[in-house]
Amino acid sequence: MTNPWPLEHDADAFYGNPRGANGSYSPAWAAENLTHVACPWQLHMDATPIPHITIHKKLAESLTRVLGNTWDKMGQSQDAINKAGFSVFSGSFNFRCIRGSSMISMHSYGAAIDWDAPQNPMGFGALKHLFTDATPLIAEFKAEFWRWGGDYHGRVDFMHVEGCQ
């Protein structure tokens, strides 16, 4: 199988243009292109339970496979998921620029997810990241050709996965 996801600079052509008036996102684009994917384990952001992940419709089937395969690899155990940090959800769709850039983030397309930001910070500063290529969640995303921020050159982003090349 070849990588089905677009190059980052081709995201508008593949996912549609999420930009609306006045530099904000387009609610019409969001209604047409975003969907919710349920996670087989309980997610939370701080103390708030998260019922689903908001993602672009073109990524929904892939995300469903990633989550299902990860759940199976973790023995369908919420305790194992919690210990691995996979239950700590740090965001998906969010119309914003890439940090330090004027380009919009893949989060703006609903094509990126952040996992356990407290333990997987951006950059090498804290070096306390838990995720590696061998981490089941990351391995499953990579098997579906999602790009992992731990593979970035320069400023790494261990919490981040995105549906682009």
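These numbers come from a predicted model, not from an experiment. (Residues numbered from 1 in each chain as written. Predicted model: local features only at pLDDT ≥ 70, side-chain atom pairs only at ≥ 80, totals over all residues. Heavy atoms only, no water.)

### Looking at the packing of helix H3 (residues 57-73) against helix H5 (residues 136-143)
Here's step 1: At a minimum axis distance of 9 Å, the contact between H3 and H5 shows a crossing angle of 145°. Between H3 and H5 lies a crossing of right-handed hand. Contacts between H3 and H5 involve Leu63, Val66, Asn69, Thr70 and Lys73 on the former and, on the latter, Pro136, Leu137, Glu140 and Phe141.
Here's step 2: Residue classes in the contact of H3 with H5 are distributed as five nonpolar, two polar and two charged. (Axes fitted to C-alpha atoms, helices over the stretch in contact; angles between N-to-C directions. Helix = DSSP H or I, 4+ residues; strand = E, 2+ residues; numbered from the N terminus. Left-handed = near helix turned anticlockwise from the far one by under 90°. Contact = heavy atoms within 4.5 Å. Nonpolar A, V, L, I, M, F, W, Y, C, P; charged D, E, K, R; others polar.)

### Considering the sheet that holds strand E8 (residues 160-162)
Here's step 1: Strand order in the open sheet made by the four strands is E5-E6-E8-E7, with antiparallel pairing throughout. Of all the strands in the sheet, just strand E5 (89-91) and strand E7 (147-148) have a single pairing partner and so form its edges.
Here's step 2: As paired elements, E5 and strand E6 (residues 112-115) share two bridges and run antiparallel to each other. Bridged to Gly91 within E6 is Asp114.
Here's step 3: Seen against the sheet, H5 touches E6, E7 and E8 and runs at an angle of roughly 170° to E6. (Pairing = 2+ DSSP bridges.)

### As for the environment of Val156
Here's step 1: Looking at the secondary structure, you find Val156 in the loop between E7 and E8.
Here's step 2: In the structure, Val156 is positioned 35 residues away from Pro121 in sequence and 8.8 Å away in space, judged by C-alpha atoms.

### Describing the nonpolar core
Grouped burial of nonpolar side chains is what soluble globular proteins tend to show.
Here's step 1: Grouped together as the largest cluster of nonpolar side chains are 38 residues, with contacts concentrated most on Trp41, Leu63, Ile113, Trp115, Phe141 and Trp146.
Here's step 2: Elements represented by at least two residues in this core include exactly helix H1 (11-15), strand E4 (53-56), H3, helix H4 (78-84), E6 and H5.
Here's step 3: Broken down by element, this core gets its largest block of residues, six residues, from H3.
Here's step 4: Apart from the residues within four sequence positions on either side, Leu63 is in contact with Val37, Ile53, Ile55, Ile113, Phe141 and Trp146. (Core = buried A, V, L, I, M, F, W, Y, C linked by side-chain atoms within 4.5 Å. Buried < 20%, exposed > 50% of the residue type's maximum accessible area, 1.4 Å probe, protein only.)

### Points about the packing of aromatic side chains
Here's step 1: One pass over the structure, following the stated rule, counts 12 aromatic pairs.
Here's step 2: Between Tyr25 and Phe93, the aromatic rings sit 5.6 Å apart at their centres with planes inclined by 75°, giving edge-to-face as the arrangement. Linking Tyr25 in the loop between H1 and helix H2 (27-33) with Phe93 in the loop between E5 and E6, this pair joins segments that are 68 residues apart in sequence.
Here's step 3: Measuring from centroid to centroid gives 6.2 Å for Trp115 and Phe141, while their planes differ by 50°, and the two rings are tilted. (Phe/Tyr/Trp six-rings, centres within 6.5 Å; stacked < 30°, edge-to-face > 60°.)

These values are about where atoms sit, not about what they do.
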